[in-house]
Structures are given as C-alpha cells and as structure tokens.
Amino acid sequence: MIALQRLRDDPDGVKRDIARKGEPPDVVDRLLAADARRRELEATANELRARRNAGNRQLGELIRTQRRAEAEALKAELANVSIEVDAMTGGLRDIEESIEHDLLLVPNPPHASVPDGRGAEENPVVREWGERRAEGSSAPHWEIGERLGLFDLERGAKLAGSGFVLYTGVGARLQRALIGFFIDLHLERHGYREVWPPFVVNAASARGTGQLPDKEGQMYVVERDGLYLVPTAEVPVTNIYRDEILPAGELPLNVVAYTPCWRREAGAAGRDTRGLLRVHQFEKVEMVKLVRPETSYDELERLTRDAEEAVEALELPYRTVERCGGDVGFAQAKGYDLEAWAPGVGKWLEISSCSNYTDFQSRRMNIRYRDTADARPELVHTLNGSGLALARTVAALLETHLQPDGSVRVPAALRPHLGGLEAIR
RNA sequence: GGAGGGGUGGCCGAGCGGACGAUGGCGGCGGUCUUGAAAACCGCUGAGGUGCAAGCCUCCGUGGGUUCGAAUCCCACCCCCUCCGCCA
C-alpha cells in the first residue's frame with residue numbers, strides 16, 4: 001500500500017512512475033479528491049464530537065450536583081448532537097472505505113534505476129555465470145527422472161491431481177537434501193536466522209503480504225477453517241512481526257525458512273505442463289529481510305548475491321536479469337530474477353526472484369522500528385528472495401549434470417546432504 | 001469436542017456506567033546525590049489522525065448493540081489459560 005502522503009506531495013511523480021508499470025494513473029486524482037473531502041468531513045465530525053464530549057462532562061457534573069432541570073435540558077440537546085455525530089461518522093466511513101479500496105489499487109512506484117520495458121522479454125541481463133551446455137546436448141528432465149526413478153508424475157496425479165509430484169527414492173531424498181543444503185548455506189555462510197513457520201495462514205496474514213485480495217485465485221483455500229495454504233514462505237515469515245515495533249538494534253533482520261508452496265496456477269493452464277516446470281506444489285527455501293529504509297537497495301543486492309551463491313554451489317549455469325518496469329510486480333519497487341539454464345528443454349528457468357518491497361508491505365502489515373527510545377516509529381522496508389525454489393532447480397540440475405553414461409553427477413556441495421552420493425544412476 | 005476462567009500501555013496489574021487514555025509497580029530515558037557506580041529521591045515515558053501551534057479527535061482483543069455518556073452493561077466472533085475427553 002502506498003502512502004497517501006506521497007500522493008499529496010507528488011501526484012504527478014506518482015502518476016508518471018506507475019505508468020511505467022503500465023497502470024492507469026487516473027486513480028491518483030480520484031484519491032486526492034476523496035482525501036480532500038474526507039479531511040473536510042473529519043474536521044466537522046471532530047468539532048461535533050468535541051462538543052458532545054464537553055457536554056457530557058458538563059452533564060455528569062450537573063447530575064452529581066442534583067441540578068435536575070438543567071441536566072434534562074442538556075441531555076435533550078446532547079441527544080441531538082449524538083444523532084448528528086452518527087450521521088457524520090456514517091458518511092466518513094463510506095468515504096474512508098472508498099479511499100482504502102482505491103489505495104489498494106495503486107502499485108508500488110518502481111525505483112528510478114528500474115529499466116523501462118513492457119514485459120519479461122525486455123528484462124536486461126545483468127550477469128551471466130557458467131558455461132552452459134548446448135541445447136539438445138542433454139535430455140528433458142522428465143525422461144531422466146523417469147529412467148532413474150526419481151519421481152512419478154502419473155501417480156502424483158492419481159494422489160492429488162495433475163501438477164502434483166510424487167518424488168521417489170533418491171528423488172525424494174534429493175528434495176530433503178536440497179532443502180537442508182539451502183537452509184544450511186544461508187544459516188552458516190550468509191547470517192540468516194532459521195524459522196519453521198506454519199504452512200497455512202489466516203486471512204489477516206494473507207492480506208498483510210498482499211495475497212488478499214489481489215491474488216486470492218492463486219491460493220488453495222481451506223474454507224471451513226478460514227485458512228490459506230501458503231503460496232510462498234514470504235507470507236508467514238514476513239507476517240511474524242505484523243503490528244509490532246522493533247528496536248532498531250534488531251535490524252537488519254534476516255530470516256530463512258523452508259515451506260512447501262502451493263499455487264493453483266489459475267490462468268496458466270496448458271503452459272509448461274510437462275515435467276517439473278509448473279507444478280501446484282513445490283518446495284522452496286526463502287530468505288526474508290526486514291531492514292532500515294535507507295539500506296534496502298543495498299540489501300537487495302546482497303540478497304540477490306546470497307541466492308546466486310546457492311545456484312553457483314550447485315554448479316548450474318544461470319543468468320541474472322533485472323525486471324523492467326512492465327515486469328516488476330505490483331507490490332515491488334525493484335527486483336532481479338535468477339534463471340538457470342536447462343539444456344534438455346532448452347529454456348531459462350526462473351528459480352529465484354529477489355525483490356525490494358520498500359514500505360509497501362510494511363505499511364499494510366504495520367511493521368515498524370524505533371531508532372531511540374523517544375523517536376517516532378518508522379516503517380521498515382521488506383525484501384524477499386528465493387534461495388532457491390526446488391522443482392525447477394531439480395529440472396536444471398538433472399539436465400545440466402547428465403553424464404554420457406546416463407547417470408547424473410551430484411555437485412560436490414550437495415554430496416554431504418546425500419550421504420556422500422557422487423552420482424545418481 | 002465438553003466445562004470453567006481470562007484478554008487493559010514495552011511487561012505485570014488495578015479500574016466494573018460520568019472528572020479514565022486510564023491508579024500503581026517493573027522496565028526505559030533524563031536529573032539530584034556520588035571520585036565513579038549502585039542504592040535512594042525527583043521528573044518524563046503508548047499508538048495514530050489533524051493543525052504553524054495551543055489544542056481537538058480516535059484507539060482498553062475484534063465487530064455490533066444499550067445509553068446523553070461505555071475499558072466498565074448486553075450480543076456475536078477471535079485468541080489465551082485450566083480441567084476433562086480424543087489423539088501424532
């Protein structure tokens with residue numbers, strides 16, 4: 001959620017910025033008009049309430065001193081004031097609701113450094129790492145997986161439906177190994193704290209990170225209990241500090257967590273349906289940062305490096321792209337995607353997305369910090385990034401490390417997590 | 001799932017219809033005293049809105065209701081605790 005204050009201070013700048021994301025700017029003018037009206041109404045309602053409060057104090061005094069006639073007269077007058085106050089607050093509430101509603105339609109303006117562009121195909125490549133295998137020099141991961149008995153897509157579909165994967169044997173152990181490897185890496189090398197959150201959240205949490213109301217259709221819902229299966233660990237982890245004021249000394253707060261991620265992928269029917277490229281449940285280790293505002297763009301670079309190191313440790317050639325204006329998410333000010341090369345399917349696979357949300361989420365969640373005991377609380381900046389998402393990482397890993405003899409080489413860094421296994425065969 | 005108890009400021013805890021944004025204690029900050037510290041003593045110490053400011057307004061789990069007036073009474077919901085049942 002954007003600050004109303006920012007719209008008042010610089011309406012034209014905000015309009016220009018959100019246009020870069022391809023959002024229509026007229027909502028800004030509508031909001032400013034409603035805001036002016038609200039402040040007017042509030043001033044009047046305020047005066048009325050002040051009158052009522054003062055009158056009530058006076059009435060209490062009259063009753064205590066037994067001045068009955070005066071008390072009755074005042075009481076009658078105050079009853080009328082109360083009716084007026086009620087009418088006023090009713091009108092106020094309507095206008096506040098409309099402001100609240102419109103405010104949620106305004107995206108986070110992209111940072112000045114974000115490149116122009118309409119969509120993902122225009123994202124500039126900022127870094128590329130590793131020597132990628134020629135397209136076709138490998139095999140699609142579903143062939144490798146089936147041959148080596150690593151996962152069973154048909155039985156996964158039998159259990160839960162198409163897009164749900166049953167990992168088997170070494171494939172199952174590989175899931176566990178990757179989760180452990182990623183958490184340990186960020187814990188031991190990058191200084192993150194580990195948490196293990198609930199894998200479902202309530203509506204307030206889903207609202208906090210912006211899954212509700214915008215992306216409701218993407219989540220699996222447990223209607224009976226009012227719970228949502230998490231689409232990413234970002235949701236429970238960022239919400240840990242919802243409605244709290246953190247001591248400045250706690251910042252930056254770096255947290256790493258594993259969760260399964262459930263996504264309905266509504267609207268993506270027919271896209272990437274084979275193999276592990278687009279599934280309804282995948283495992284992901286996520287990094288979340290709560291930081292001081294002036295450091296958030298530096299922290300984004302650091303976060304992105306932390307994710308990149310995870311890919312490099314798996315010896316997977318990848319590239320880092322910066323999301324252009326048209327591809328930066330609604331709630332984000334700036335972000336990078338990490339794309340691993342999958343030579344079997346001949347595609348770059350998005351295996352991490354690292355973003356700075358500035359104060360857009362923290363305003364919604366009311367997460368603040370306080371510098372000194374007498375300072376006003378300020379909103380933190382929130383960031384998150386995958387480190388990494390498993391299903392696609394597994395796809396890239398199988399296709400990249402496939403050997404001529406049909407086995408898959410296990411990258412050295414992963415071996416301790418697989419009981420020393422050097423090759424899957 | 002059943003029965004009871006409870007949600008008040010950073011924490012503990014009082015208030016149970018009018019002078020209460022809320023006594024008191026702890027913690028924190030500032031000061032006096034001290035060579036320094038501790039102790040003692042004094043003062044300050046919730047968040048938000050609006051305003052140049054004084055101030056005014058809102059918030060006592062959440063939402064409704066009763067009343068001229070609600071932290072206080074009524075209803076619903078949420079959360080926590082205790083006991084019983086069930087259970088990995």
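Residues numbered from 1 in each chain as written. Chains lettered and ligands numbered in written order. Predicted model: local features only at pLDDT ≥ 70, side-chain atom pairs only at ≥ 80, totals over all residues. Heavy atoms only, no water.

### Some details on helix α10 (residues 296-313)
Counted only if it meets this: To qualify as a helix, a DSSP run of H or I must reach at least 4 residues; to qualify as a strand, a run of E must reach at least 2; elements of each kind are numbered from the N terminus. For a helix, the expected span equals 1.5 Å multiplied by the number of residues minus one. Buried means the residue's accessible area, taken with a 1.4 Å probe over protein chains only, is under 20% of the maximum for its type, while exposed means over 50%, and partly exposed covers the values in between.
Taking 1.5 Å as the rise per residue, α10 with 18 residues should run 26 Å; its terminal C-alpha atoms sit 26 Å apart, in good agreement. Along α10, the residues that are buried comprise S296, E299, L300, L303, T304, D306, A307, E308, A310, V311 and E312.

### Quick look at the protein's contact with RNA strand B
Applicable threshold: Each residue is tested against the molecule or strand, and it is near if at least one of its non-hydrogen atoms lies within 4 Å. N or O atoms closer than or at 3.5 Å make up a polar contact, with two conditions inside protein: a donor-capable atom paired with an acceptor-capable one, and, for residues adjacent in sequence, both atoms drawn from side chains. Amino acid classes used here: Ala, Val, Leu, Ile, Met, Phe, Trp, Tyr, Cys and Pro are nonpolar; Asp, Glu, Lys and Arg are charged; the rest, including Gly, are polar.
Among the 21 residues in the neighbourhood of RNA strand B, the closest are listed as N46, L59, I63, R64 and R370. Here the atoms of RNA strand B within 4 Å of the protein split so that 68% fall in sugar or phosphate, with bases taking the remainder. Between RNA strand B and N53, the relevant distance is 3.0 Å, taken from a phosphate oxygen to a side-chain nitrogen or oxygen of the residue. The dominant element in the surface near RNA strand B, judged by the number of residues it contributes, is helix α3 (residues 26-64), at eleven residues. Residue composition of the surface near RNA strand B, by class: six nonpolar, four polar and eleven charged.

### Side note on the sheet that holds strand β12 (residues 334-342)
Note the cut-off: A pair of strands counts as paired when DSSP detects no fewer than two bridges linking them. Angles shown run from 0 to 180 degrees and are taken between the N-to-C directions of axes, each axis being a line fitted to C-alpha atoms and, for helices, limited to the stretch in contact.
On the basis of which strands lie adjacent, the open sheet formed by eight strands has the order β1-β11-β12-β13-β16-β10-β9-β4 and mixed pairing. Two strands in the sheet have a free side with no partner beyond their single neighbour: β1 (125-129) and β4 (193-195). On average, each strand axis in the sheet is tilted by 25° relative to the strand beside it, whichever way the strands run. As defined by bridge partners, strand β13 (residues 347-356) adjoins strand β16 (residues 381-389) across three bridges and the pair is classed as antiparallel.

### Digging into the packing of aromatic side chains
In plain terms, the rule: Each Phe, Tyr or Trp ring (for Trp, its six-membered ring) is paired with any other whose centre lies within 6.5 Å, and the angle between the two planes then decides the class: stacked below 30 degrees, edge-to-face above 60, tilted in between.
A full pass over the atoms with the stated rule returns nine aromatic pairs. Note on F164 and Y220: the rings are 6.2 Å apart at their centroids and 55° apart in plane angle, and the pair reads as tilted. Of the two residues, F164 sits in the loop between α6 (153-159) and β3 (166-167) while Y220 sits in the loop between α8 (203-208) and β6 (221-222), which places them 56 residues apart along the sequence. You can call F164 buried: its relative accessible area is 17%.

### With respect to the sheet that holds β6
Spatially, β5-β7-β6 is the arrangement adopted by the three strands of the open sheet, whose pairing is antiparallel. Each edge of the open sheet carries a strand with a single partner, namely β5 (200-202) and β6. Judged from the two bridges that link them, β6 and strand β7 (residues 227-229) form a sheet pairing that is antiparallel. Across the sheet, the residue bridging to V222 is L227, located in β7.

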